[in-house]
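Here are the chains, one letter per residue:
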Amino acid sequence: MTEITRLFDFPYYQLENKPNDAALVTKYDGKWVKTSTQDYIDKANAISRALLRLGVKKDDKIAVISSTNRTEWNIMDIGVLQVGAQNIPIYPTISAKDYEYILNHSESMYCFVSDEEVLEKINNVKANTKLKEVYSFDHIDGCKHYSELLDLGKDTSNQNEVENRKNDVQPNDLATIIYTSGTTGKPKGVMLSHWNITSNALDSVPRVPLKDGETRVLSFLPICHIFERLLIYVYQHSGTSIYFAEGLDKIGDNAKEIKPNLMSVVPRLLEKVYDKIMTKAEELSGIKKALFYWAVSLGEQWEPYKQNGAWYEFKLSIASKLIFSKWRAALGGELFTMVSGSAALQPRLSRIFCAAGMHIMEGYGLTETSPVVSVGEYSNNMFKVGTVGKPIDNVEVKIADDGEILIKGPNVMLGYYKDPEKTASVMTGEYFHTGDKGEVDADGFLKITGRKKEMFKTSGGKYIIPTLLENELKQSRFIEQIMVIGEGEKMPAALIQPNFEFINEWIERKHHPIENSHEAIVNSEIVLNRIQKEVDKCNNKFGKWEQIKLFKLTPEIWSIDSGHLTPTMKMRRSIIKEKYHTLIENIYRP
């Protein structure tokens, strides 16, 4: 039996134990196309043979950039890793300038792109890099197609060389460099070994409720991010069918087609799904509307393991039949688990989705920890709302004297590529400094309380944890994004990007005389007064020194493309401060 110690061992393990006719499934020209475990391996070997014929050596770097997750990405991943080279995944949404930096910093020699849009960015900077060739997954005029490598690798006469290369790859060898977008400065290249990720996948397997060979998964979070990539290896270990969504905008449609049992999510997505559901509820009337809000109110009180008693569970069963069954149907009707990561999830959303029969297992991790540190699991009493579960096996969590979370385990990165100083700055012996603050409760559950660097002092010497205020206010449907400011100032304040979609509907419903434009909305006294109500409600939950005294609305939508957010939807605080310098000055020095 294949012992799994390197990333390319996963598909071979699947072939021996749980072969699947639909191991990887991608939609082409309106049809789902299945790739079996055997085909997956055969194509990966063809890629490996082709790469050897192109002269790819051990430790060469090959970049892969895809706008959506797809079968080809996974075939390339195994094909590259088998020959001892490294896969350099790059976020598709970053700028051409960042492409250039990463390609040069990693010294990538070949690049694989998904589509014309990514190719255009690459072509803009290719002359300034050491790239020998670019291949595309889509057929694009003037660009070599990835199938040319499959053709080049058809001749199996050098398969022995591939086997030799595979045998030479050791578990602790470098497998990939993942460039974290970072909220400031140049991207950092996180070096992860085969064993960093493999051990993390194997230790995560018991926490993910997959039925071997039966589960259908919908994959749409960027595979270039270690969270989704790690899960792909976990799914392969369980013989799961992985369906790759056509895009973020097609998740609902794809879910109805394939009826997934599990998918990974980020809190922002769940917030948007919830907002859409609530917006539709506004269109209801009479008994239907009353029943809907009764069900949601019931959901907000949900506790795991039937802790609310038999009467609550009876009411919940009625709410499930009348209301929550429609929520489940909108996502295929068979989705029972969602794994959430990347950012903090509002406990209220966790309760409501769990009450609706779609359990959310919130986890915690970082690119530097491959990534999983802890995750909830509904079975075995390892789930608690408002926590990120318990640490997985072989990963040790220590809380430093200042509250910072420190991690030790086989999943901790090799270091930052070409930056030993930066590496040394985040390590104390074998412990990695996460920069996050947290606590472990009496039952062993980890709770994240904020970012060490994001906590600040006002000029009065009072400490403010902005994420606590932000997470509270993001529960408002009027607020899309919020950033609490006030470091060194006399009081906390906030920059708010309103939820324009919801506010436009609210304006229409209430017949307010406000023009349908972002500028008109952010300058409207009616809107400002309504958002002030939301801020006042939030302030009541915090001490006087923590309360938001003033806020300003921004007319722009905070996005990845415009630089407000990282590709994982985290705020780039320093950039947002720069962009809205004048607004901030108007708050503190009017």
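Predicted, not measured: the structure shown is a model, and the values here were computed from it.

Peer 1: Could you clarify how one ought to interpret the sheet that holds strand E25 (residues 479-485) in this entry?
Peer 2: Strands belonging to one sheet form pairs held by backbone hydrogen bonds; the direction of such a pair is parallel or antiparallel. The strand order across the open sheet formed by three strands is E25-E26-E27, and the pairing between neighbours is mixed. Edge strands, defined here as strands with exactly one partner in the open sheet, are E25 and strand E27 (550-553). Ignoring strand direction, the axes of neighbouring strands in this sheet form an average angle of 25 degrees. Where E25 lies against strand E26 (residues 493-498), six bridges are found, and the strand directions are antiparallel. Note on E26: the bridge partner recorded for Ile-482 is Ile-496. On top of the sheet, helix H19 (residues 525-539) reaches E25, E26 and E27; it is set at about 135 degrees to E27, its chief contact.

Peer 1: I keep staring at the pattern of salt bridges and nothing clicks. Help me out?
Peer 2: When charged atoms on two side chains of opposite charge get close, those side chains can pair. Scanning all chains against the criterion turns up 27 salt bridges. With its nearest N and O atoms 2.7 Å apart, the salt bridge here joins Arg-573 to Glu-470. Here Arg-573, found in helix H20 (residues 573-579), pairs with Glu-470, found in helix H16 (residues 466-473); they are 103 residues apart in sequence, far enough to count as distant. This pair shows no difference in class: Arg-573 is buried, exactly as Glu-470 is.

Peer 1: What is the right way to read the sheet that holds strand E12 (residues 262-265) from this model?
Peer 2: Sheet architecture is open: nine strands sit in the order E2-E1-E11-E10-E12-E13-E14-E15-E16, paired in mixed fashion. In this open sheet, the two strands that pair with only one neighbour each are strand E2 (31-35) and strand E16 (390-391). The pairing of strand E10 (residues 216-219) with strand E11 (residues 241-244) spans four bridges and is parallel. For Arg-216, the partnering residue across the bridge sits in E11 and is Ser-241. Here helix H3 (residues 71-82) sits on the sheet in contact with strand E1 (24-28), E2 and E11, set at roughly 135 degrees to E1. The strands touched by helix H14 (residues 347-355) are strand E13 (337-340) and strand E14 (359-365); relative to E14, the strand with the most contacts, the crossing angle is about 140 degrees.

Peer 1: Would you take a moment to explain the pairing of strand E17 (residues 396-399) for this structure?
Peer 2: Across four bridges, the pairing between E17 and strand E18 (residues 404-408) is antiparallel. Residue pairing across strands places Glu-396 opposite Lys-408, the latter belonging to E18. As consecutive antiparallel partners, E17 and E18 are separated by four residues, and within that stretch Gly-403 has a phi angle of approximately 90 degrees, a positive value.

Peer 1: Is there a simple way to explain the side chain of Asn-20 in this structure?
Peer 2: Tracing the backbone shows Asn-20 in the loop between helix H1 (9-17) and E1. Of note is the side chain of Asn-20, whose polar atom sits 2.7 Å from the backbone nitrogen of Ala-22.

Peer 1: Looking at this structure, I do not really get helix H21 (residues 581-588). What am I missing?
Peer 2: Each α-helix winds once per 3.6 residues, and so residues spaced three or four apart point in a common direction. Considered for burial, the residues of H21 that qualify are Ile-584, Ile-587 and Tyr-588. For H21, the buried positions fall inside an angular range of 80 degrees around the axis, keeping them on one side. Looking at the buried positions of H21, the neighbouring elements they touch are E25, E26, E27 and H20.

Peer 1: Explanation requested: the environment of Gly-79 in the structure shown.
Peer 2: Tracing the chain through its elements places Gly-79 in helix H3. Along the backbone, Gly-79 and Ser-67 are twelve residues apart, and their C-alpha atoms lie at a distance of 20 Å. Not counting chain neighbours up to four residues away, the residues in contact with Gly-79 comprise Ala-44, Ile-47, Ser-48 and Leu-51.

Peer 1: What's the story with the pairing of E12 in this structure? I'm lost.
Peer 2: Burial along E12 is two-sided: Leu-262 and Ser-264 facing one way and Met-263 and Val-265 facing the other are all buried. Where E12 meets E13, four bridges bridge the pair, whose relative direction is parallel. Within the sheet, the bridge partner assigned to Val-265 lies in E13 and is Ser-340.

What counts, and where the lines are drawn
Residues numbered from 1 in each chain as written. Predicted model: local features only at pLDDT ≥ 70, side-chain atom pairs only at ≥ 80, totals over all residues. Heavy atoms only, no water. Pairing = 2+ DSSP bridges. Helix = DSSP H or I, 4+ residues; strand = E, 2+ residues; numbered from the N terminus. Axes fitted to C-alpha atoms, helices over the stretch in contact; angles between N-to-C directions. Contact = heavy atoms within 4.5 Å. Salt bridge = Lys/Arg side-chain N within 4 Å of Asp/Glu carboxyl O. Buried < 20%, exposed > 50% of the residue type's maximum accessible area, 1.4 Å probe, protein only. Polar contact = N/O pair within 3.5 Å; in protein donor to acceptor, adjacent residues only side chain to side chain. Arc of directions from axis to C-beta.

These figures capture arrangement, not role.
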